[in-house]
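Each chain, written out:
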Amino acid sequence: MGTALVTGATSGLGLEFAWQLAQARHDLVLVARTPERLRKVAEEVRQFAGVQVETLQADLSERDELERVAERLRDKSKPVGLLVNNAGFGLGQHFVEGDLAREEQALDVMVRAVMVASHAAAGAMVERGRGAILNVSSVAAHNVVGTYAAHKAWVLRFTEALAVELAGTGVSATALCPGLVHTGFHAAAGIDETQWKAPLWLDAERVVSDGLAAVRRGQVICTPSLRYRSANAILRLAPRWLVRRMASEPERSGRGRD
């Protein structure tokens, strides 16, 4: 079934991508920062799914380490048929008061790394005349809450532009735009998950399954669940001043409690 490369592959959606792709008989290249966790996940997938699993330890915020991932994607002797740009993290801080170095790291991982990896993969795939790129964006791309939303908005528009450029080449580009997903993402950023009601949360298995189905169809934008597709439609149609006001209300409320 070919080889898939997944970034941020040892937790959250990345781990679910790894398992579902392995169950579909794809060989894997798993990319993550932590070597111990990377080795453990790789071994578990090998034993239970019976596929070939290659590991690539890399911090995507570091240019030389990101370049190693790009080189793997360009390798003609071991072609990658699907790239999943999943790596990312929540900052858990306001921009003005926050750590600028952390902001730059987030930009490197969620924007520059997506661009570099997509460039490497697309070039190799177009030459072969087949392949797919799946970039994980977010419903936050349509909102204005923090720089995370800005990063995910870039991923969404970049993927759309890439899909236009790839038309007719045999290569596709898909942006997956999930809403709230139980993955530990928010807890890792120090964000209280209880502020959102249970019906807003999605299951990681469903999100990944929908994303991979969209890739198979050649669909450019995939937003799992009707509730989030409806929310996206409202945000796209609403005046931008209203979107900004809605985003600022929780901030005002929070300041009022200090």
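Keep in mind it's a predicted model, so treat the numbers as computed, not measured. (Residues numbered from 1 in each chain as written. Predicted model: local features only at pLDDT ≥ 70, side-chain atom pairs only at ≥ 80, totals over all residues. Heavy atoms only, no water.)

A. Quick peek at the overall build of the chain. A tally of regular secondary structure across the chain gives nine helices and nine strands. Relative to its 258 residues, the chain shows a buried fraction of 47%. Across the chain, contacts joining residues at least 24 apart in sequence account for 65% of those joining residues at least 6 apart. Total accessible area computed for the chain in this model is approximately 13200 Å², and 54% of it derives from carbon and sulfur atoms. (Helix = DSSP H or I, 4+ residues; strand = E, 2+ residues; numbered from the N terminus. Buried < 20%, exposed > 50% of the residue type's maximum accessible area, 1.4 Å probe, protein only. Contact = heavy atoms within 4.5 Å. Areas by Shrake-Rupley, 256 points an atom, 1.4 Å probe, with all protein chains shown as cover.)

B. Local environment of the packing of helix H1 (residues 12-23) against helix H7 (residues 204-217). At a minimum axis separation of 9 Å, H1 and H7 run at an interaxial angle of 60°. The angle between H1 and H7 falls in the class oblique. Where H1 crosses over H7, the two elements pack in a sense that is right-handed. Touching Leu13, Glu16, Phe17, Gln20 and Leu21 of H1 are Ala204, Glu205, Val207, Val208, Ser209 and Leu212, all from H7. (Axes fitted to C-alpha atoms, helices over the stretch in contact; angles between N-to-C directions. Parallel < 35°, antiparallel > 145°, perpendicular 65-115°, else oblique. Left-handed = near helix turned anticlockwise from the far one by under 90°.)

C. Inspection of the pairing of strand E4 (residues 82-85) at higher detail. Here E4 shows a buried face lined by Leu82 and Val84 and a second buried face lined by Leu83 and Asn85. One ladder, built from three bridges, connects strand E1 (residues 3-7) with E4; its direction is parallel. Across the sheet, residue Ala4 finds its bridge partner in E4, namely Leu82. As paired strands, E4 and strand E5 (residues 131-136) are joined by four bridges and run parallel to one another. Pairing of Val84 across the sheet is with Leu134, part of E5. Since E4 and E5 lie parallel, the crossover through helix H4 (residues 100-128) that links them has a hand, and here it is right-handed. (Pairing = 2+ DSSP bridges. Right-handed = clockwise from strand over helix to strand, strands pointing away.)

D. Examining the packing of aromatic side chains more closely. Per the stated rule, a full pass over the model turns up two aromatic pairs. Aromatic pair Trp154 and Phe158: ring centres 4.7 Å apart, planes at 10°, arrangement stacked. One end of the pair, Trp154, and the other, Phe158, are both in helix H5 (residues 146-166), four residues apart, so they sit about a helical turn from each other. (Phe/Tyr/Trp six-rings, centres within 6.5 Å; stacked < 30°, edge-to-face > 60°.)

E. Summary view of the environment of Val31. The residue Val31 is located in strand E2 (residues 27-32) in this model. Remark: the alpha-carbon pair of Val31 and Val69, spanning 38 residues in sequence, is separated by 8.0 Å. Contact partners of Val31, with chain neighbours within four places excluded, come to Leu5, Val6, Thr7, Gly8, Ala9, Leu38, Leu56, Ala58, Leu60 and Val69.

F. Region of the structure containing the pattern of salt bridges. Within this structure, the stated rule accounts for seven salt bridges. For Glu54, the salt bridge is made with Arg72, and the minimal N-O distance between the two is 3.1 Å. Of the two residues, Glu54 sits in strand E3 (residues 53-57) while Arg72 sits in helix H3 (residues 63-74), which places them 18 residues apart along the sequence. You can call Arg72 buried: its relative accessible area is 9%. Ionic pairing is found between Lys76 and Glu127, a salt bridge with its closest N-O pair at 3.0 Å. With Lys76 in the loop between H3 and E4 and Glu127 in helix H4, this residue pair connects regions lying 51 residues apart in the sequence. The pair formed by Lys76 and Glu127 is uniform in burial state, with each residue classed as exposed. (Salt bridge = Lys/Arg side-chain N within 4 Å of Asp/Glu carboxyl O.)

G. Fine view of the pairing of E2. By the criterion of burial, E2 is predominantly enclosed, with five of the six residues buried. One ladder, built from five bridges, connects E1 with E2; its direction is parallel. Across the sheet, the residue bridging to Ala4 is Leu28, located in E2. Remark: the E1/H1/E2 crossover connection has right-handed handedness. Two elements, E2 and E3, share five bridges in a ladder whose sense is parallel. Within E3, the position partnered with Leu28 by the bridge is Val53. One crossover worth recording links E2 to the parallel E3 by way of helix H2 (residues 35-49), and it is right-handed.

H. Inspection of the packing of H1 against H2 at higher detail. Put simply, H1 and H2 touch, their axes get as near as 10 Å, and they point 25° apart. As the angle between them shows, H1 and H2 are arranged roughly parallel. Crossing angle aside, the handedness with which H1 passes H2 is right-handed. Counted together, Leu15, Trp19 and Ala22 of H1 and Arg37, Val41, Glu44, Val45, Phe48 and Ala49 of H2 form the full contact between these two elements.

Limitation: the analysis is restricted to geometry and does not speak to function.
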